[in-house]
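# Results of the structural survey
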Amino acid sequence: MGRYVVRRLLQMVPVFIGATLLIFLMVNVMGDPVAGLCGERTCDPATTAQLEKEFGLDRPVWQQYLTYMGNVFTGDFGTAFNGQPVTELMSTAFPVTARLTIVAILFEIVIGITLGVITGLRRGRPADTGVLLATLVVISVPTFVTGLLLQLLLGVEWGWIKPSVSAAAGFDELLVPGLVLASVSLAYVTRLTRTSIAENRRSDYVRTAVAKGLPHRRVVTRHLLRNSLIPVVTFIGADIGFLMGGAIVTERIFNIHGVGYQLYQGILRQNTQTVVGFVTVLVLVFLVANLLVDLLYAVLDPRIRYA
Amino acid sequence: MRGATHAKWAACAAAAVLAATACAGGGSGGGGGGGGAVLSSSWGDPQNPLEPANTNEVQGGKVLDMIFRSLKRYNPETGAAEDMLAQRIATTDSQNFTITVKDGWTFSNGEKVTSKSFVDAWNYGASLKNRQKAAEFFKYIDGYAEVHPEKGAQTADTLSGLKVVDDRTFTVRLSQKFSSFPDTLGYAVFSPLPRAFFDDHDAWLKKPIGNGPYTIASYTRGSQMNLVRWDAYPGADKARNGGVTLKVYTDPNTAYTDLLAGNLDLTDDVPAAQLKNAPSDLGGRYLNQPAGIIQTIAFPYYDKEWGKAGMDKVRKGLSMAIDRDRITETIYQKTRVPATDWTSPVLGVKGGDKKGLCGEWCTYDPGRAKQLIQEGGGLPGGQVRITYNADAGSHKQWVDAVCNSVNNALGDDKACVGSPIGTFADYRSKTTQQKLSGPFRAGWQMDYPLIQNFLQPLYYTNAPSNDGKWSDKEFDRLVDQANAETDSAKAVALFQKAEEVVRDDMATIPLWYQNGTGGYAERLSDVRLNPFSVPVYTDIKVG
């Protein structure tokens, strides 16, 4: 187990370097950062040169990348163009997005798995068909439609929530945005759980458990659900990364100043330091989440061993 | 958020001066500044650190206008430059100016505003090593070339044209005659700075200190700024509300939704998609006022095809093929006005706005358009591609409409197509590095309401915003002459003559003047936008 974790951690290094290099190159290919920085009015050439020097943009790209990576390992992610250190941007943006992601994941786990179990146990019944139809609708409607619709109905028409989230972005304010963000994944979790439960229901160990005379509740939670969760956990694990990076649409609609917002601004203003910094952290989140998922397999199914 | 809610109620209870309704409204965060309620207003994250000479966009400028007062101030109604801190700006030759600063003004930290506050601020702004993005506004002052050389290191730290005479007087020597120089001094770049700015720059940036009607109570970068009324403000334009909370919105649509839901008091940017609904949603609380912004189509004169003689006919033909009336009405719901000259109506007739200066060339006439383009040798390569950035500003809509109009006029489906570029930054780098081969969208938002500002930076040979590199000796000569003219009426007339040169060559195609739009909550009154399309915050009454 310990060796497995170490091996996995070592594997992360090339992935990490490759991903950051790709992002770095992509952002650099997009155009001239200083031109975006100066806005509609061009900065005079002397100021432009000074700014390029300050941000190290006058050097070749490979040198910029090496310097950047060198700094990253000392915890310095550079300075955004508005003069704020990127780490400061991160310290305000990541907690907000993390809260949003937690809300979304909780929705996925609680609603998604519950619905999945219910429908999986009652295949073909009206409840099953109803949920299947509902998930189909959720999957096919884009997030921004769901988001804008809920915002309009709950925020403007009925006045139940505030249409935008305040700067503090507490958990209670993030419920609706979290649900919107979770909606599509939630539908997938439901469907995955349903299929998995329906399949395992006919397996030998469930039949044995029922034959032993175990109570229905225990059969479902300890035997059936535990074994059916492996594909679901895989999906949710990968989803943590997707939700954090892909919250741009939801964050924009509800005016949440999280990772999506900072990334969007960074891309718009060609702010290499911001974009690369945030993506770097997101890559790390992805990698760690994947590792945790793999480790969870053994908990769910003791037959799985790590060499 | 529950904790914060408690805190808010506690604050409401403590600040007895605050009307109970202001707390219940929930729209505004932060406490009052001692009398009058606080209003909340939409804001965009400023692109640069908030320093007067480092701000070249509207969002940062908005704050500077609230916390700073300079020598002059542009009348929010007429746009005329009026004395603010300036007691007297005297000159005999339009090149040497003696400026006297009014007595009794202080910064909000108690420091006196003296002539040195101005001279130090201007020297800081001009100095290359401080990398101020609006440094070029000091370029007319003598010694700029030493402080901010185009190449190499600077040889001086201060402008030789600036001299402090005494506490309230300083002199400015310009490197060339520039009669409207005093009128440019209302621009935020020329604001005075307190010693605190130089002594502890980082602390100042976190919470800027100025001499305007508001002070900054707290500033969370990227999300919110709380401004409160400064009660000791000596000026005549004291704030009539307790303060303003500026909330950063990533999307104007959300700000608009918040306004409708009663969660926000004022937005100064109604999104394009809502323009149709805004008058019915907001009734009399919808603002649609002229602003000093003009949209044009510019051409790459560095390109052989577009730079050759006789092309002016093609450009005129293109201009005549654009149905401005229809586009402004259908796409923009009359928040744009078809342009008939190259300036803006906010200048007023006295300031140089001349309706119809463009004449027949800006009138839709498809028949004549086709004829002119043929006479001029046809479109280069048989097609024009209008380049724009696709990430913001919904430019695609109007570019497609303009092309549609041109294609109809020429009876050719492929005569004009839009050519999008992904990001604004990429678009800007391509325009400034002369990498575009066809016409491109151009817009100009004035720095100060002067006809000079609509012409010189855009059309003078090698001027900073002359991205198409248009050049005309006669135009340059007329501008120089106008700048040297001490009589302002005569100067305006000369600028208009220069504008005629622009017209005769159709240097750019003027499309439309842009209005400022906005909307506000019922509890506000006396809301209006100034010629820069920024709300006149000091005038707004709450409740």
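Coordinates for the structure precede this section.
Residues numbered from 1 in each chain as written. Chains lettered and ligands numbered in written order. Predicted model: local features only at pLDDT ≥ 70, side-chain atom pairs only at ≥ 80, totals over all residues. Heavy atoms only, no water.

What follows deals with the overall build of chain A. Along the backbone of chain A there are 13 helices and zero strands. Start at the N end of chain A and walk to the C end: the helices and strands fall as α-α-α-α-α-α-α-α-α-α-α-α-α. A principal-axis box enclosing the C-alpha atoms of chain A has dimensions of 85 × 55 × 30 Å. Buried residues in chain A amount to 49% of all 307 residues. Contacts in chain A between residues far apart in sequence, at least 24 positions, make up 78% of those at least 6 positions apart. Put simply, chain A shows about 14,600 Å² of open surface, and 69% of that area lies on carbon and sulfur atoms. Considering chain A, the positive charge centre built from 25 side chains and the negative charge centre built from 19 side chains are found 19 Å apart. (Helix = DSSP H or I, 4+ residues; strand = E, 2+ residues; numbered from the N terminus. Buried < 20%, exposed > 50% of the residue type's maximum accessible area, 1.4 Å probe, protein only. Contact = heavy atoms within 4.5 Å. Areas by Shrake-Rupley, 256 points an atom, 1.4 Å probe, with all protein chains shown as cover. Lys, Arg positive; Asp, Glu negative; His and termini not counted. Charge placed at Lys NZ, Arg CZ, Asp CG, Glu CD.)

What sets the pattern is the α-helix's 3.6 residues per turn: residues three or four places apart point alike. All names here are of chain A. Spanning 15 residues, helix α6 (residues 126–140) covers 21 Å between terminal C-alpha atoms, matching the ideal 21 Å at 1.5 Å per step. Taken residue by residue, α6 has Asp128, Val131 and Thr135 as its buried positions. Across the axial projection of α6, the buried residues extend over an arc of 70°, all falling on one side. Seen from the buried face of α6, the exposed residues on the opposite side, beyond 90 degrees, are Pro126, Leu133 and Ser140. If you follow the buried residues of α6, they end up packed against α5 (86–121) and α8 (175–200). (Expected span 1.5 Å × (residues − 1). Arc of directions from axis to C-beta.)

Turning next to the state of the cysteines. All names here are of chain B. Across all of its chains, the model carries two disulfides over all chains by this definition. Through a disulfide, Cys358 is tied to Cys362; the S-S separation comes to 1.9 Å. Judged by the torsion about the S-S bond (80°), the Cys358/Cys362 disulfide is right-handed. Per residue, the accessibility class of Cys358 equals that of Cys362, and both read buried. One disulfide in the model links Cys403 with Cys416; its S-S distance is 2.0 Å. Since a negative S-S torsion denotes a left-handed disulfide, the Cys403-Cys416 link at about -50° is left-handed. Here Cys403, found in helix α16 (residues 395–410), pairs with Cys416, found in strand β15 (residues 416–421); they are 13 residues apart in sequence, far enough to count as distant. Cys416 gets classed as buried once you look at its relative accessible area, which sits at 2%. (Disulfide = S-S within 2.5 Å.)

What follows is about the interface of chain A and chain B. On the side of chain B, 50 residues touch chain A, which itself brings 47 residues to the contact. Both sides together, the interface formed by chain A and chain B hides about 4,200 Å², and carbon and sulfur atoms give 49% of it. The interface formed by chain A and chain B contains one salt bridge. The closest approach of N and O atoms between Arg252(A) and Asp251(B), which form a salt bridge, is 3.6 Å. At the boundary of chain A with chain B, the tally comes to 11 residue pairs in polar contact (both at pLDDT 80 or more). Mapped onto the side of chain A that touches chain B, the elements with two or more residues apiece are α2 (33–38), α3 (45–54), α7 (143–157), α11 (248–253) and α12 (259–268) of chain A. Ranked by residue count, the leading element in the side of chain A that touches chain B is α3(A), at five residues. (Buried area = accessible area lost by both parts, 1.4 Å probe. Salt bridge = Lys/Arg side-chain N within 4 Å of Asp/Glu carboxyl O. Polar contact = N/O pair within 3.5 Å; in protein donor to acceptor, adjacent residues only side chain to side chain.)

Okay, the sheet that holds strand β4 (residues 86–91) of chain B next. All names here are of chain B. One open sheet holds the four strands; their spatial order is β4-β5-β7-β6, and the pairing between them is antiparallel. Edge positions in the sheet fall to β4 and β6 (162–166), since each of these pairs with one other strand and no more. Going across the sheet, the axis of each strand differs from the next one's by a mean of 20°, ignoring polarity. Packing of helix α4 (residues 115–126) onto the sheet brings it into contact with β5 (96–101), β6 and β7 (169–173), and relative to β6 it is tilted by some 165°. (Pairing = 2+ DSSP bridges. Axes fitted to C-alpha atoms, helices over the stretch in contact; angles between N-to-C directions.)

The next thing to look at is the side chain of Thr538(B). Residues and elements named next belong to chain B. On the secondary structure map, Thr538 appears in the loop between β18 (524–525) and β19 (541–542). Residue class for Thr538 comes out buried when judged on its relative accessible area of 6%. When residues no more than four places from it in sequence are discounted, the contact partners of Thr538 are Arg69, Pro213, Tyr214, Asp237, Lys238, Ala239, Arg240 and Asn241.

Turning next to the pairing of strand β1 (residues 38–43) of chain B. Residue and element names in this part refer to chain B. With six of its six residues buried, β1 lies for the most part within the structure. Side chains of β1 alternate between two faces, with Val38, Ser40 and Ser42 and Leu39, Ser41 and Trp43 buried alike. As paired elements, β1 and strand β10 (residues 243–248) share six bridges and run parallel to each other. Within β10, the residue paired with Trp43 across the bridge is Val248.

All right, on to empty space enclosed by the protein then. If you walk through the whole model with that rule in mind, you get seven cavities of 30 Å³ or more. The space that makes up the largest cavity amounts to roughly 290 Å³. Around the largest cavity sit 26 residues that line it, and Ala298(B), Ala442(B), Leu458(B), Ser465(B) and Asp467(B) are the ones nearest its centre. When residues of the lining of the largest cavity are traced back to their parent elements, those giving at least two are β12 (286–298), α17 (424–432), β16 (440–445) and α18 (451–459) of chain B. Here the element with the most residues in the lining of the largest cavity is β16(B); it accounts for five residues. In terms of residue class, the lining of the largest cavity is made up of 14 nonpolar, seven polar and five charged. Looking at the second largest cavity, its volume works out to about 160 Å³. Every residue lining the second largest cavity is counted, 17 residues in all, and those nearest its centre are Asn82(A), Gln262(A), Arg269(A), Asn271(A) and Asp45(B). Looking at the lining of the second largest cavity, the element that brings in the most residues is α12(A), giving three residues. (1 Å grid on protein atoms, 1.4 Å probe; cavity = no way out; pocket = protein on both sides within 12 Å on 5 of 7 lines; lining within 4 Å. Points joined across faces, edges and corners; volume = space filled by probe spheres on them. Nonpolar A, V, L, I, M, F, W, Y, C, P; charged D, E, K, R; others polar.)

Once that is clear, we can look at a nonpolar patch on the surface. All names here are of chain A. On the surface, Ile109, Val110, Ile111 and Leu179 cluster together into a nonpolar patch covering about 280 Å² of accessible area. For the nonpolar patch, the leading source of residues is α5, giving three residues. Looking at the secondary structure, you find Ile111 in helix α5. On the basis of relative accessibility, which here comes to 31%, the residue Ile111 falls in the partly exposed class. (Patch = residues over 30% accessible without salt bridge, like charges linked within 9 Å, V, L, I, M, F, W, Y side chains within 5 Å.)

In this section: the packing of aromatic side chains. Residue and element names in this part refer to chain B. Tallying each qualifying case throughout the model produces 36 aromatic pairs over all chains. Geometrically, the ring pair formed by Trp122 and Phe138 is tilted, given 6.4 Å between the ring centres and 45° between the ring planes. Residue Trp122 is found in helix α4, and its partner Phe138 is found in the loop between α4 and α5 (144–147); the two are separated by 16 residues along the sequence. In this structure Phe138 comes out as buried when scored by relative accessible area, which is 0%. Ring pairs connect the aromatic residues Phe97, Phe118, Trp122, Phe138, Tyr140, Phe170, Phe178, Phe181 and Phe190, which therefore count as one cluster. Here the guanidinium or amino end of Arg315 rests over the ring plane of Phe299, the centre of that ring lying 5.9 Å away. Over the face of the ring belonging to Tyr332 we find Arg336, whose NZ or CZ atom lies 4.0 Å from the ring centre. (Phe/Tyr/Trp six-rings, centres within 6.5 Å; stacked < 30°, edge-to-face > 60°. Lys NZ or Arg CZ within 6 Å of the ring centre and 35° of its normal.)

Burial analysis of β10(B) places six of its six residues in the buried class, the great majority of the element. Burial along β10(B) is two-sided: Gly243(B), Thr245(B) and Lys247(B) facing one way and Val244(B), Leu246(B) and Val248(B) facing the other are all buried.

The subject of this paragraph is the environment of Arg477(B). Residue and element names in this part refer to chain B. Take Arg477: it is sitting in helix α19 (residues 473–484). In this structure Arg477 comes out as partly exposed when scored by relative accessible area, which is 43%. Residues Arg477 and Leu494, spaced 17 residues apart in sequence, show a C-alpha to C-alpha distance of 10.0 Å.

All names here are of chain B. Tracing the sequence through the fold places Arg441 in strand β16. Classification of Arg441 by relative accessible area gives buried; the value is 4%. A polar side-chain atom of Arg441 sits 3.2 Å from a polar atom in the side chain of His395.

One can expect most non-glycine residues to show negative phi and most peptide bonds to be in trans. All names here are of chain B. At Lys469, a residue that is not glycine, the phi angle is positive and equals roughly 60°. Although it is not a glycine, Ser533 adopts a positive phi angle of roughly 60°. Note that Ser533 resides in the loop between β18 and β19. Given a relative accessible area of 14%, Ser533 falls into the buried group.

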